Amino acid sequence: MRIPGGPDVDTFLSEYWQKKPLVIRGAFPELASPVSPDELAGLACEPTVESRLVLDEKDGKPWQLENGPFDPERFSDLPTTGWTLLVQGLDHWVPELAPLLDRFRFIPNWRLDDIMASYAPEGGSVGPHFDQYDVFLLQAEGCREWHFGGHCDEQSPRVAETPLRILKDWQPEETVLLEPGDMLYLPPGIGHHGIARGDCVTLSVGFRAPSHDDILTGFSDFLCEQAGAEQLLRDPDLTAPENPGEIGPEAIDRAASVLEDQLRRRRELALWFGQYTTAPKNDSIVIPPDDPLPEPNALREALDSGQTLRWNEGSRFAWHRLSDEETALFVDGERFILREDARAIAPVLCAGHQPDPAALRAFCDDPALAGLMTNLVNHGSLYLE
């Protein structure tokens, strides 16, 4: 298996992933922007779409940010250059992008975030900066000049008087001009600055990962909801202290044993991790259909008639083998524990945006699995087409 236009996956993961940038010419030779600049502006006016405008300068201050939704008149007031429109979650709003995302599933589903579109006229950019996540930058329309290189962190000097994290006195190591179909991979922490050379649209395929804070606080909150969390710290072997004001080492040992015992609960950690990493980014992504399926038989009949099931654009599917007897399926922050023959549906559902229709039809012969898929349709995570 190879990444689009580039090396085989094993080489990419061992030599480039989270290590160094990679430029791939002609990664997507047939790629064309799925939306026009006017359509991106229209999306940016919708209240459920996350969008931003970055202006090189506003009111005498550098690199200013405006958050959508925008009034249509805002776009007629913009200057001819020096600004960039960013629209997040484009894969959710443009179903035609689903096959493009499937080309990046050499990275696990739980790491894949979304596709962001960036439109800018000549000279537009979002300034020199760095991100904490991996990103593939695909040139979809026009050309963009990229300056990149050098590791940056929170101590890197920043430009003042801007809400953005713009790098100050940053010096790139490389410069490339991306043309339609070209792609640039950037690991976390690499400084970069993209400048439009003529009107251009760039698609950013981003990846996500929980922070250490997310893991520590999220898992501890999850554990606090489990049975037994209300127990008090006990000390049946308590002895009288020489000084009642001292917290003795034995008290710290008992507290540490509570934490150590909880951290050994790998099943609970796996269940929390799967739910956390598949949770939708916001409440507007997964919406129940207006006409839910009345019963599992309706799903079976639809598949028999030639319809297929596909993921809701923006839904997240993943699975984890809990043991030889159990598999956990995670869909949009919910978990389903599968046992015995039912476990086989998890890898099929999670393989890509359009799961194998013949396999799903066969699973419909099991009433429980037909019910599971029906529930996923009625929840909005799957739909028929």
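Going by an unreviewed UniProt entry, the protein chain carries the name 50S ribosomal protein L16 3-hydroxylase and comes from Tamilnaduibacter salinus. In its Cofactor (unreviewed entry) section, UniProt records this for the protein chain: "Fe(2+)".

Asker: I tried to follow the state of the cysteines on my own but got confused; where do I start?
Answerer: Every disulfide links exactly two cysteines, by a covalent bond between their sulfur atoms. All told, the structure shown has 0 disulfides when counted by the stated rule. Cys364 takes part in no disulfide bond, and the closest cysteine sulfur, belonging to Cys350, lies 16 Å away. Here Cys364 falls in the buried class, since its relative accessible area comes to 0%.

Asker: Teacher, can you tell me more about the side chain of Arg300 here?
Answerer: Residue placement: Arg300 occurs in helix α9 (residues 296–304). Buried within the structure, Arg300 lacks any salt-bridge partner; Asp365 is the closest side chain of opposite charge, at an N-O distance of 4.4 Å.

Asker: What exactly am I supposed to notice about the packing of α9 against helix α12 (residues 367–379) here?
Answerer: Pairs of packed helices are described in terms of their axes, by the angle between the two and the distance that separates them. It is the contact of α9 with α12, at a shortest axis distance of 8 Å, that shows an interaxial angle of 85°. As judged from the angle between their axes, α9 and α12 are roughly perpendicular. Along its contact with α9, which presents Pro296, Leu299 and Arg300, the element α12 presents Ala370, Gly371, Met373 and Thr374.

Asker: What exactly am I supposed to notice about unusual backbone geometry here?
Answerer: Most peptide bonds take the trans form, and the phi angle of most residues other than glycine is negative. Here the amide bond leading from Gly68 into Pro69 is cis, since omega sits at 5°, within 30 degrees of zero. Position of Pro69 relative to the elements: it lies in the loop between β3 (61–67) and α3 (72–76). Even without glycine at this site, Asp59 takes up a positive phi of about 55°. Locating Asp59 in the fold gives a position in the loop between β2 (51–58) and β3. Overall, Asp59 belongs to the exposed group, its relative accessible area being 71%. Of note in the backbone geometry, Asp332 takes a positive phi value of approximately 50° without being a glycine.

Asker: Before we go on, may I ask you to explain a negative patch on the surface in this structure?
Answerer: Judged by side-chain charge, Glu242, Glu246, Glu250, Asp253 and Glu260 come together as a negatively charged surface patch. According to the relative accessible area criterion, Asp253 is exposed, its value standing at 53%.

Asker: In this structure, what is going on with the pairing of strand β12 (residues 326–331)? I would like to understand it.
Answerer: Sheet faces and side chains relate simply in a regular strand, where the side chains alternate between the two faces. β12 sits mainly inside the fold: 6 of its 6 residues count as buried. Taking every second residue as pointing to the same face, both faces of β12 are buried, with Glu326, Ala328 and Phe330 on one and Thr327, Leu329 and Val331 on the other. Here 5 bridges tie strand β11 (residues 317–321) to β12, and the two strands are oriented antiparallel to one another. Residue pairing across strands places Ala318 opposite Phe330, the latter belonging to β12.

Asker: For this particular structure, what's the right way to read the sheet that holds β11?
Answerer: Sheet strands line up and pair through hydrogen bonds in the backbone, either parallel or antiparallel. Here 3 strands make up an open sheet; going across it, the order is β11-β12-β13 and the pairing antiparallel. Where the open sheet ends on each side, the last strands, each with one partner, are β11 and β13 (334–339). For this sheet, the mean angle separating the axes of adjacent strands, direction not counted, is 20°. Where β12 and β13 come together, 6 bridges link them in antiparallel fashion.

Asker: Explain the packing of helix α6 (residues 212–224) against helix α8 (residues 266–278) here, please?
Answerer: Where α6 meets α8, the closest approach of the two axes is 10 Å, and the angle between their N-to-C directions is 115°. Of the two elements, α6 crosses α8, and the hand of that crossing is right-handed. The residues of α8 that touch α6, namely those facing Asp214, Ile215, Gly218, Phe219, Phe222 and Leu223, are Glu268, Leu269, Leu271, Trp272, Gln275 and Tyr276. Residue composition of the contact of α6 with α8, grouped by class: 8 nonpolar, 2 polar and 2 charged.

Asker: Looking at this structure, I do not really get the pattern of salt bridges. What am I missing?
Answerer: Opposite charge on two side chains permits pairing when their charged atoms draw close. For the coordinates displayed, the defined rule picks out 22 salt bridges. A salt bridge links Glu122 to Arg197; its shortest N-O distance comes to 3.5 Å. Taken as a pair, Glu122 in the loop between β5 (112–120) and β6 (135–151) and Arg197 in strand β9 (residues 190–207) lie far apart in primary sequence, 75 residues in all. Given a relative accessible area of 34%, Arg197 falls into the partly exposed group. The closest approach of N and O atoms between Arg310 and Glu313, which form a salt bridge, is 3.0 Å. Exposure remark for Arg310: the relative accessible area of 8% places this residue in the buried category. One connected set of salt bridges, linked through shared partners, spans Asp113, Asp114, Lys281 and Arg316.

Each value, and the rule that gives it
- Residues numbered from 1 in each chain as written.
- Predicted model: local features only at pLDDT ≥ 70, side-chain atom pairs only at ≥ 80, totals over all residues.
- Heavy atoms only, no water.
- UniProt positions renumbered as here; feature names shortened; annotations may be inferred.
- Disulfide = S-S within 2.5 Å.
- Buried < 20%, exposed > 50% of the residue type's maximum accessible area, 1.4 Å probe, protein only.
- Helix = DSSP H or I, 4+ residues; strand = E, 2+ residues; numbered from the N terminus.
- Lys, Arg positive; Asp, Glu negative; His and termini not counted.
- Salt bridge = Lys/Arg side-chain N within 4 Å of Asp/Glu carboxyl O.
- Axes fitted to C-alpha atoms, helices over the stretch in contact; angles between N-to-C directions.
- Parallel < 35°, antiparallel > 145°, perpendicular 65-115°, else oblique.
- Contact = heavy atoms within 4.5 Å.
- Patch = residues over 30% accessible without salt bridge, like charges linked within 9 Å, V, L, I, M, F, W, Y side chains within 5 Å.
- Areas by Shrake-Rupley, 256 points an atom, 1.4 Å probe, with all protein chains shown as cover.
- Charge placed at Lys NZ, Arg CZ, Asp CG, Glu CD.
- Pairing = 2+ DSSP bridges.
- Left-handed = near helix turned anticlockwise from the far one by under 90°.
- Nonpolar A, V, L, I, M, F, W, Y, C, P; charged D, E, K, R; others polar.

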